[in-house]
Amino acid sequence: MIIKRLPKLKVIGLCLGLFGVNSAIAQDDPFAEYRAMMGDDNPAIFVSEEGADLWQAPNGPKQASFEQCDLGLGPGIVEGAYAQLPRYFADTQQVMDLESRLFYCMETLQGRSPEEARKKPYSSTGDMGTEIEALVTYIAEQSTGMPIALPQQHPLEIAAYEQGKSLFYYRAGPHDFSCATCHRQSDKRIRLQNLPNLTTNEGAGAAYSSWPAYRISQGLVRTMGWRMQSCGRQQRLPELQPGSEAVISLMTFMGVNAKGTEMAAPGLKR
Amino acid sequence: MAGQIRIRAKLEGDVAEVKALMRHPMETGQRKDSAGNKIPAHFITQVIAKMGDKVVLESQWGAAVSQNPFLSFRVKGAKAGDTITVEWLDNKGETDSGEAVVK
């Protein structure tokens, strides 16, 4: 009896197996189809154009533009800058990401107050985007196709990586969550959303290279800083501040792990 | 905000595939902002596409269309060098248009 029943079970098993594979492909990345349809038409291009205008426009009490802002490759050099951030800056003696560097330029070049510069970095519901979001989109786009290459020479750059690593694995909050809870295993997802394994080059590369990204569900471009803050909120942690040491360290950990991946921002995401 | 439509028209045989990306908030009037106030409705009500002077597509839209709408359609009988124009009108009476040459 057992021998007779076995082949039948096998056939059923195989069918289920095939079903599993098919639905896995469909569920794996339903947005791939959407991206293919859109082609190069990512609504982020409008935001990037806005960012290019903002970069050149005089602003603040000093009526200065960002054109003398040093993003790490020299004053005013935008091309390739994003692929090498966060990095150490001698003038502030700190490791900074793009958002904190833009705050710094708003204060030093344009003469705006720290409060004004940091007033609203990320959009809320119903907004059509912020200055920071537009600038980050424009600047990141100027690194398209370039390999991610965060410098790890200065002791503070190495320290930022190490701090990012310990924060990544640090469990905290009412849910006892760490970043690693969701992001240290491959091929996992929450509902329809794939979770990148940020401890691998492939996973960190896929994530780091595709932010900032236009979020279809929100109709807005979101930045890596926003993504970090949003992950922190989902972990029920105290609010991660844009351009803060914690955010910069986590970005450094992720960016160094992503080394060599070509930048493909602005991305198009759920 | 207004003044932004990106259009591309690619010819395949005698059919042009037109892709248009429009920048528009497309507010339904049902959403609330972070302060709890209703965000007023603001959406495209009409889209007209022309090839030269001839209307090739006329559509009525509503609040169910997404933000920054993406529209793709095919025009039969197109030739390289034809001009495709896409124009929208919204519930606030604002309007915008853009054009592209069929390639």
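What counts and what doesn't
- Residues numbered from 1 in each chain as written.
- Chains lettered and ligands numbered in written order.
- Predicted model: local features only at pLDDT ≥ 70, side-chain atom pairs only at ≥ 80, totals over all residues.
- Heavy atoms only, no water.
- 1 Å grid on protein atoms, 1.4 Å probe; cavity = no way out; pocket = protein on both sides within 12 Å on 5 of 7 lines; lining within 4 Å.
- Points joined across faces, edges and corners; volume = space filled by probe spheres on them.
- Helix = DSSP H or I, 4+ residues; strand = E, 2+ residues; numbered from the N terminus.
- Nonpolar A, V, L, I, M, F, W, Y, C, P; charged D, E, K, R; others polar.
- Core = buried A, V, L, I, M, F, W, Y, C linked by side-chain atoms within 4.5 Å.
- Buried < 20%, exposed > 50% of the residue type's maximum accessible area, 1.4 Å probe, protein only.
- Contact = heavy atoms within 4.5 Å.
- Pairing = 2+ DSSP bridges.
- Axes fitted to C-alpha atoms, helices over the stretch in contact; angles between N-to-C directions.
- Phe/Tyr/Trp six-rings, centres within 6.5 Å; stacked < 30°, edge-to-face > 60°.
- Disulfide = S-S within 2.5 Å.

1. Observations concerning empty space enclosed by the protein
Empty space among the atoms can be located by rolling a probe the size of a water molecule over them.
Residues and elements named next belong to chain A.
Link 1 in the chain: Taken as a whole and judged by the stated rule, the model has two cavities of 30 Å³ or more.
Link 2 in the chain: Each pocket or cavity is described by its volume, and for the largest cavity that value is around 90 Å³.
Link 3 in the chain: Of all the secondary-structure elements, those providing two or more residues to the lining of the largest cavity are helix 4 (98-108) and helix 10 (224-234).
Link 4 in the chain: Tallied by class, residues from the lining of the largest cavity come to eight nonpolar, two polar and two charged.
Link 5 in the chain: One number sums up the size of the second largest cavity: a volume of about 70 Å³.

2. Digging into the nonpolar core
Link 1 in the chain: Of all hydrophobic cores here, the largest spans 49 residues; its most connected members are W55(A), F66(A), L98(A), L102(A), I139(A), Y208(A) and M224(A).
Link 2 in the chain: Elements represented by at least two residues in this core include exactly helix 3 (44-56), helix 4, helix 6 (131-141), helix 7 (155-169), helix 8 (179-183), helix 9 (201-210), helix 10 and helix 11 (245-257) of chain A.
Link 3 in the chain: At six residues, helix 6 of chain A tops the list of elements feeding residues into this core.
Link 4 in the chain: Setting aside its immediate chain neighbours within four residues, I139(A) contacts W55(A), L71(A), V78(A), Y82(A), L98(A) and L102(A).
Link 5 in the chain: By size, the runner-up hydrophobic cluster in this structure holds 24 residues, among which are A16(B), M26(B), F43(B) and V102(B).

3. Things to note about the sheet that holds strand 2 (residues 15-22) of chain B
Residue and element names in this part refer to chain B.
Link 1 in the chain: The strand order across the open sheet formed by three strands is 1-2-5, and the pairing between neighbours is antiparallel. Either end of the sheet is taken by a strand with one partner, and the two such strands are strand 1 (5-12) and strand 5 (70-76). Averaged over all neighbouring strand pairs, the angle between strand axes comes to 15°, with direction disregarded.
Link 2 in the chain: Across eight bridges, strand 1 lies against strand 2 in antiparallel orientation. The partner of R8 across the bridge, within strand 2, is K19.

4. Some points on the environment of P147(A)
Residues and elements named next belong to chain A.
Link 1 in the chain: Tracing the backbone through its elements, the reader meets P147 in the loop between helix 6 and helix 7.
Link 2 in the chain: Here P147 falls in the partly exposed class, since its relative accessible area comes to 45%.
Link 3 in the chain: Distance from P147 to V95, taken between C-alpha atoms, is 20 Å for residues 52 residues apart in sequence.
Link 4 in the chain: Excluding residues that lie within four positions of it along the chain, P147 makes contacts with A83, G260, T261 and E262.

5. A closer look at the packing of aromatic side chains
All names here are of chain A.
Link 1 in the chain: Here the structure, examined in full by the defined rule, presents six aromatic pairs over all chains.
Link 2 in the chain: Judged by centre distance (5.1 Å) and plane angle (85°), the rings of F168 and Y169 are edge-to-face.
Link 3 in the chain: Using a relative accessible area of 3% as the deciding quantity, one classes F168 as buried.
Link 4 in the chain: Their ring planes at 45° and their centres at 5.0 Å tell us that F168 and F253 sit as a pair that is tilted. Separated by 85 residues along the polypeptide, F168 in helix 7 and F253 in helix 11 bring together distant segments of the chain. This pair shows no difference in class: F168 is buried, exactly as F253 is.
Link 5 in the chain: Counting every residue linked through ring pairs, the aromatic cluster contains Y161, F168, Y169 and F253.

6. Quick look at the pairing of strand 4 (residues 54-60) of chain B
All names here are of chain B.
Link 1 in the chain: Pairing analysis gives six bridges linking strand 3 (residues 44-51) to strand 4, with the strands arranged antiparallel. Paired with A49 across the two strands is L57, which belongs to strand 4.
Link 2 in the chain: Between strand 3 and strand 4, which pair antiparallel one after the other, the connecting turn spans two residues, and G52 there sits at a positive phi close to 65°.

7. Some words on the state of the cysteines
Here a disulfide denotes one covalent bond, and it connects the sulfur atoms of two cysteines.
All names here are of chain A.
Link 1 in the chain: Under the criterion given, the structure shown has one disulfide over all chains.
Link 2 in the chain: Disulfide partner of C69: C105, at an S-S distance of 2.0 Å. One quick way to see it: the torsion about the S-S bond of C69 and C105 is about 80°, and its sign makes the bridge right-handed. Of this pair, C69 sits in the loop between helix 3 and strand 1 (87-89) while C105 sits in helix 4; the two residues are 36 residues apart in sequence, bridging distant segments of the chain.
Link 3 in the chain: On the accessibility criterion, C69 (0% relative accessible area) is buried.
Link 4 in the chain: The class of C105 is buried, set by a relative accessible area of 2%.

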